[in-house]
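Working through the structure, step by step
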Amino acid sequence: MAVSVDDAVSAGPVRDHTPPARRFGGRGRAVLEVALLTVLAVVMLFPVLWMVETSIKENRDVYAIPAKFFDFKVTVDHFKDVFVSSSGGRSGLSVSFLNSVVVAGVSTVLATVLGVPAAWAYSRFALKAKKDQLFFILSTRFMPPVVVVIPIFLMYRQVGLIDTQLGLILIYTAFNVPFTIWMMKGFVDEVPAEYEDAAMLDGYTRLQAFWKFTLPLLVPGIAATAVFALIFSWNEFVFAIFLTSSDDVRTAPPAIAGLIGGTTVDWGLVAASSVVFAVPVLVFAYLVRRHLVAGVTLGAVRR
Amino acid sequence: MGTVSVHGLCKSFGEVQALDGVTLDVPDGAFFVVLGPSGAGKTTTLRAIAGLEKLDAGSVHLDERDATGDTPAARDLAMVFQSYALYPRHTAYENIASPLRARRCSSSEVAAAVEQVSSLLHIERLLQRRPAQLSGGEMQRVALARALVRRPRAFLMDEPLTNLDLKLRVEMRTELTRIHRSLGGTFVYVTNDQVEALSMADQVAVLKEGKVQQVGTPTEVYERPANQWVAGFVGSPRISLLACHVEGDRLVGAEGWTLPRPRWTTVEDGRPLLLGVRAEDLSVEQRGNASLSGELYGLEPLGDRTVVDVRVGTKILKVKARPTVTGTPGERLLVTVDLDRAHLFDADTGLALSEAGR
Ligand SMILES: Nc1ncnc2c1ncn2[C@@H]1O[C@H](COP(=O)(O)OP(=O)(O)O)[C@@H](O)[C@H]1O
Ligand SMILES: [Mg+2]
C-alpha cells in the first residue's frame, strides 16, 4: 500500500458526502448495532473481568473445576504478594514496577521536551524538503520493534547499554519522539502563527513568543500526546525482554511474563500484578479522555 | 522621527510572486495608505516592513537606517493584524499591556498608558473581558489600542476596518483620522477599499500583483490615474472605458461614434487608445457639442443621485445624474462628455497619455 505524505499531512476537515444510509429501517439497524457491540464488548472485556476475578480469588478457587464465577472467597493476599516478598522485604515485582515508572516517565518527559519544539519548528518555519523530512521521521515508526531489536542489542552491547535503565529510556525516547512530533505538529498547526507575530512586534523574541503565547495553548495537546507516549513505554515488551536481564533493571512487562513458566504457575499473583499494571494506564486515559478523543480524531475536528 | 522606506522588495511564495519590486517612501507623520485588491501583496508588504517575512530581495530603512536584517522587536513598530491576533487567553487589558510588559515598563506606567489609550478608544468597560467575549468591532478597538499604547516609530495597520459592518466602518474612519491627528506618528495603513484610501490618506500607493502602480495624494490618484487599471480601481461608480483612436481633430470610437479631439492631447493618428470618463464627467443633460448617442440600459437610484447606465454600442457607460431623472429602458438618449476631464490611455500598455497640455 502506498502511503502518501500529502494525505497524512493535510489537516483539512474530512467531509463525507455520502447521504445518510437508509439500507435498514432505523429500528432494525439499531438492534443489530447493539447486538454486535454487545458481542464485541463481551469478547473484549471477558479476559479483563476474569483477570480481576482471579486476582481476588483464594488459590483454591482459582484452580477449581468447574470454574467459579460468583461464589468464591475474596482475598487481597495476591496483591500483598505483588508488593511484599515472602521473606518480608520488597518483592521483585515491586522493584520492576518502580523501574517501569522511572523508564516510562523519563522517556516520556524526554520525548515531549524534544518533540514539542521540533513540532513547532516544523509547523512554523519554511524548511528545505520539509515533507521528506517529516516522512523520514515517520518512517522510523514503520518497523515493529522486533525487527530492529537484534541490531540494537548488538549496538547496545558495544556501548555498554545492555541491561541498564538508561538503555531502555533512550530507545523508548527514540520511538516516542517521531510520534510526538507528528501528533504535536497537528496541534501547533491549529494555533494561528499570528499570535507569535504579534508578540514579536510587542517586543518579545521568537522563543519568548512561543513560550508565552503558543505553548499555553498547546497544553491539552501535549497532555494527550504525553499519555500516548507514556502508554507505549509502559506497555513495551520486546525491547524490555531483549535488552534487560537482571531483576533490579527489568520493567514490569517482562517481570510479569516471567511469573509464567516453571512447574507451577501462581495465577493469582499473575492476575494481581496484571491488575496493578493496568491501573495507571486506565487512570491516565481517564484523566485526559477528552483530549484523547481530540488527539485520535486529530485534523478531522475543527473549532 | 518615523520614516519608513522600502526599496525593491521581492518575495515569492512558491509560484506566486507576492511582491515584485515594491518601493515606497513614507514620510514622517504621514497617513500613508497602501491600496490594492485582495491578493495584491499588501499584507506581505506590511509584514516585510515589520520583519515578519524573509525577503528574496530589497531593503527596509527605518528612520534612514538600514533595518533589513533586524528582528521585529528591534524595529520598534506596532501592527494591527487583519485578523486582530488578540491573545485568546489574555484579557483585553493584558492584550493592550503586552507591548509595555515586553519592554519591561513598571506596572504603574502600564496602568496609566492602558487607561489613557482605552479612554481614547472608548473601551474602558471592556478591559476585563477576553477576546472571545468581544464583538468584532470591540476586538478591532482592542487591537488598535494594543498598537496605540506605545509610541513606536510607525504604526502598521492591515485592513483594520474591513471586517466591520458599514456603519461602524464609516464611524471608525473618522475616528482613526482624528486619532492620527491628535497622536501624530507615521501610519502605514493597508486597505482594499478605495473610499477609505481617498478619505483618510495623505498619500496613497496603489498596489496590484506585487507592483506599485502609482503613488500620490488621493486627488492625484483620482484625477490623474497613472494607468487604465488604477483608473478602474479607484472611483465608484467605475470609470467607463471606450476603445478609440485619433483621426485629425476627431476622436473616433471603435463603436462608430465620434467626438472632438480633446484639446490637451497631441497623440498621433491611428494609435489604439482607451477613452476613460468618470460618471460625474458624463451627463444625460444637453451641455455641449461633445456627445455620444446611446440607449438607456438601466437606472440605479442611490438617494442623493442616480447612476444611469447607457449602452453605447456594446459598452455600458455609467453616468451620474440628478436623483429626479427618469426614463424607460431602450429609450434613445445623448450623453454629453466633459472632454477636458476625460483620460486617454494607450490601449496596448494601459499607461495614461501625457497630460502636459492640460
Ligand atoms: N504564507 C503564504 N504562503 C503562500 N502564499 C502566500 C502567503 N502569503 C501570501 N501569499 C500569496 O501572496 C499573494 C499576496 O498576498 P497578500 O500580501 O496576503 O495579499 P493582500 O494582503 O493584498 O490580500 C497572494 O497571492 C497570496 O496568496
Ligand atoms: Mg491582506
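- In the nomenclature of an unreviewed UniProt entry, chain B is known as ABC transporter permease of Phytohabitans aurantiacus.

- Chain A is annotated in an unreviewed UniProt entry as Sugar ABC transporter permease of Phytohabitans aurantiacus.
- Listed in UniProt under the heading Sequence similarities (unreviewed entry), the comment for chain A reads: "Belongs to the binding-protein-dependent transport system permease family."

1. Digging into the coordination of the magnesium ion (ligand 2)
Residue and element names in this part refer to chain B.
- Bound to the magnesium ion (ligand 2) are the protein donor atoms Thr-43 (OG1) and Gln-82 (OE1), situated 2.0 to 2.6 Å from the metal. Here the residue Thr-43 occupies a position in helix α1 (residues 42-50), and Gln-82 occupies one in the loop between β6 (77-80) and α3 (92-102), the gap between them amounting to 39 residues.
- Take Thr-43: its relative accessible area is 25%, and that puts it in the partly exposed class.

2. Quick word on the interface of chain A and chain B
- Residue-level contacts link 13 residues of chain A with 21 residues of chain B.
- The junction of chain A with chain B conceals about 1600 Å² of combined surface from both sides, 60% of it contributed by carbon and sulfur atoms.
- The largest contributions to the chain A side of the interface with chain B come from Glu-194, Leu-201 and Asp-202 of chain A, which together make up 41% of the buried area.
- Taken together, chain A and chain B are joined by one salt bridge.
- For Arg-47 of chain B, the salt bridge is made with Asp-197 of chain A, and the minimal N-O distance between the two is 2.9 Å.
- Here chain A is connected to chain B by eight residue pairs in polar contact (both at pLDDT 80 or more).
- Looking at the side of chain A that touches chain B residue by residue, the class counts come to nine nonpolar, one polar and three charged.

3. Observations regarding the sheet that holds strand β19 (residues 332-337) of chain B
Residues and elements named next belong to chain B.
- Taken in spatial order, the five strands make up an open sheet running β15-β19-β16-β17-β18, and their pairing is antiparallel. Each of the sheet's edge strands pairs with one partner strand only, and the pair in question is β15 (282-283) and β18 (315-321).
- As paired elements, strand β16 (residues 291-301) and strand β17 (residues 306-312) share six bridges and run antiparallel to each other. For Leu-299, the partnering residue across the bridge sits in β17 and is Val-308.

4. Considerations on the UniProt feature "domain: ABC transmembrane type-1" (unreviewed entry) in chain A
- Residues annotated by UniProt as "domain: ABC transmembrane type-1" (unreviewed entry) correspond here to residues 97-288 of chain A.
- The span residues 97-288 of chain A is 79% helix and 0% strand, and its two end C-alpha atoms sit 22 Å from each other.

5. Some thoughts on the packing of α3 of chain B against helix α5 (residues 136-148) of chain B
Residues and elements named next belong to chain B.
- Direction vectors running N to C along α3 and α5 enclose 30 degrees, while the axes themselves pass 7 Å from each other. When the axes of α3 and α5 are compared, the pair comes out roughly parallel. Relative to α5, the crossing made by α3 is right-handed. Across from Ala-92, Asn-95, Ile-96 and Pro-99 in α3, the residues of α5 making contact are Val-142, Ala-145 and Arg-146.

6. Observations concerning the domain arrangement of chain B
Residue and element names in this part refer to chain B.
- Each assigned domain of chain B is listed with its residue range as follows: domain 1 (4-226) and domain 2 (232-346).
- Centre-to-centre separation of domain 1 and domain 2, based on C-alpha positions: 38 Å.
- Between domain 1 and domain 2, the residue contacts involve eleven residues of the former and nine residues of the latter.
- Along the contact surface separating domain 1 from domain 2 lie one salt bridge.
- With a closest N to O distance of 3.3 Å, Glu-223 and Arg-341 form a salt bridge.
- Inspection of the domain 1/domain 2 interface yields four residue pairs in polar contact (both at pLDDT 80 or more).
- At the level of secondary structure, the elements contributing two or more residues to the side of domain 1 that touches domain 2 comprise α7 (194-200) and α8 (218-223).

How each quantity is defined
- Residues numbered from 1 in each chain as written.
- Chains lettered and ligands numbered in written order.
- Predicted model: local features only at pLDDT ≥ 70, side-chain atom pairs only at ≥ 80, totals over all residues.
- Heavy atoms only, no water.
- UniProt positions renumbered as here; feature names shortened; annotations may be inferred.
- Donors = N, O, S within 2.8 Å, 3.2 Å for Na, K, Ca; no water.
- Helix = DSSP H or I, 4+ residues; strand = E, 2+ residues; numbered from the N terminus.
- Buried < 20%, exposed > 50% of the residue type's maximum accessible area, 1.4 Å probe, protein only.
- Contact = heavy atoms within 4.5 Å.
- Buried area = accessible area lost by both parts, 1.4 Å probe.
- Salt bridge = Lys/Arg side-chain N within 4 Å of Asp/Glu carboxyl O.
- Polar contact = N/O pair within 3.5 Å; in protein donor to acceptor, adjacent residues only side chain to side chain.
- Nonpolar A, V, L, I, M, F, W, Y, C, P; charged D, E, K, R; others polar.
- Pairing = 2+ DSSP bridges.
- Axes fitted to C-alpha atoms, helices over the stretch in contact; angles between N-to-C directions.
- Parallel < 35°, antiparallel > 145°, perpendicular 65-115°, else oblique.
- Left-handed = near helix turned anticlockwise from the far one by under 90°.
- Domains from an automatic or database assignment.

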